[in-house]
Amino acid sequence: MNKRIILKVLLGLAFVALLTGCVQIFEDETSEENAASGESIEVGVLMPLSGEAASVGLAGQAVLQIAEKEINDAGGVKGKNIKLAFEDGGCNANDANKAINNLVSIKKVKVVIGGLCSSETLTSAPVVEQNKVVLLSPGSSVSSISTAGDFVFRNYPSDNAQGEVLAQYAAKKGYKKIGSLVEEQPYTEGINDTLSTEFTKLGGTVSVEKFAKDASDFRTQITKLQAEKVDVFFVDAQAPVKADLIVQQLVEAGVKGPFLINDQALGATTEFVEKHKDHLEGSVGTEVPYDTANPGMTKLQETYKALTGKDLQYLSYMATYYDSLFIIKEAIDAAGEDPVKIKDYLYTVKGRKGLAGTLSFDSNGDPGPEFRHKLRIIKAGKVVDFTE
């Protein structure tokens, strides 16, 4: 078997491992030796590796491993390798509780990246706060995380920005009534609450129909909103797989787009946007604007595709995932491994340039006001910047 064929087989096996939740996609010959000799720094990671949000979590897992390899190949942190310890938060409170306790109580990590879902982060916050463990979320956006604890940070903006931007767009578009299909989850409810408040201030009304996280039939909710003659539907699901079902049933009910869409669904370029491109044309959502001019973004996408054979989706989330490990690396470089000192250092981060743009942490451990969602629009099955 020639080398090219062997490489293709190995890359294929790596991708299968990712899909099954296996965490090791690079061979690390020194990790066991360093761990045994105290020459590695273990960083916990809590993310959805199963369930409806697994497509985002598994992609994020690969991105973090790419970042881990880059850091270690460049000499690590103070001469030590970074060693990632993954736990499946399942995008729900029960799994997240088990995961964070495994990381903190059993693996004794001092820093955790995660969660992705707001339910994971809110569940983890009391545990890390009590144990003085730093938590950095690259994707949780519910507004209550701002006051979840002194050791809780995120390099992803609050739902407040997303809801406000969508409401302002809808009002400017001339919509008078929004019909929201909202999953009963902290992330989705947070976005819709802010959208409703802002849109009402601007003279509009929002009719809300909620559905349980295990729901798959939304016809009753759609029919109720149709009866109210809403001007536009807001598809507000926790994961792209659920948004996919909602759009299918909206189309079956004779509802024509464009729609309003949250950032989770908007980031699913293959499994959602391209699949429904005819029905989503002109639909608008928001994303955290990653830095397309940064050569590191291109390199990340190329490395991911070489490993998996797939295009990298959810680019705004992947940018913050990638940045998160380098933020922790820089904190340890500057302050050492004491989590209290790492926490204190993070509050001093101002104007940091990364794949997700320029980041400064405020007094709540949130990104500053310059780091917020911006409008994006679907055109011909592609997500592009919105222009007037």
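1. Let's talk about helix H13 (residues 295-308)
Taking 1.5 Å per residue, 14 residues should reach 20 Å; H13 reaches 20 Å between its end C-alpha atoms and fits that length. By the burial criterion, the buried members of H13 are Gly296, Met297, Leu300, Tyr304, Leu307 and Thr308. Looking straight down H13, one finds that the buried residues subtend no more than 105 degrees of arc, so they occupy a single side. Seen from the buried face of H13, the exposed residues on the opposite side, beyond 90 degrees, are Pro295 and Glu302. Backbone nitrogen of glycine 296 and a side-chain oxygen of the N-cap are separated by 2.8 Å at the start of H13; the cap is asparagine 294. Following H13 by one or two positions, glycine 309 has its phi on the positive side, about 75 degrees.

2. Considering the state of the cysteines
Following the criterion strictly, the structure yields 1 disulfide and no others. Between the sulfur of cysteine 91 and that of cysteine 117 lies a disulfide, 2.0 Å long from S to S. As the torsion about the S-S bond is roughly -105 degrees, the cysteine 91-cysteine 117 disulfide counts as left-handed. Of the two residues, cysteine 91 sits in the loop between strand S2 (81-88) and helix H4 (93-106) while cysteine 117 sits in the loop between strand S3 (111-114) and helix H5 (118-131), which places them 26 residues apart along the sequence. What makes cysteine 91 buried here is its relative accessible area of 5%.

3. So, the packing of aromatic side chains
In the structure shown here, the tally under the stated rule is 6 aromatic pairs. Here tyrosine 156 and tyrosine 317 contribute two aromatic rings whose centre-to-centre distance is 4.9 Å and whose plane-to-plane angle is 5 degrees, an arrangement assigned as stacked. Residue tyrosine 156 is found in the loop between strand S5 (152-154) and helix H6 (159-173), and its partner tyrosine 317 is found in helix H14 (residues 315-335); the two are separated by 161 residues along the sequence. Using a relative accessible area of 0% as the deciding quantity, one classes tyrosine 156 as buried. For tyrosine 317, a relative accessible area of 1% puts it in the buried group. What links up through ring pairs into an aromatic cluster is the set Phe153, Tyr347 and Phe361. Lying over the aromatic face of phenylalanine 151, lysine 343 brings its terminal NZ or CZ to 5.2 Å of the ring centre.

Thresholds, definitions, all that
Residues numbered from 1 in each chain as written. Predicted model: local features only at pLDDT ≥ 70, side-chain atom pairs only at ≥ 80, totals over all residues. Heavy atoms only, no water. Helix = DSSP H or I, 4+ residues; strand = E, 2+ residues; numbered from the N terminus. Expected span 1.5 Å × (residues − 1). Buried < 20%, exposed > 50% of the residue type's maximum accessible area, 1.4 Å probe, protein only. Arc of directions from axis to C-beta. Polar contact = N/O pair within 3.5 Å; in protein donor to acceptor, adjacent residues only side chain to side chain. Disulfide = S-S within 2.5 Å. Phe/Tyr/Trp six-rings, centres within 6.5 Å; stacked < 30°, edge-to-face > 60°. Lys NZ or Arg CZ within 6 Å of the ring centre and 35° of its normal.

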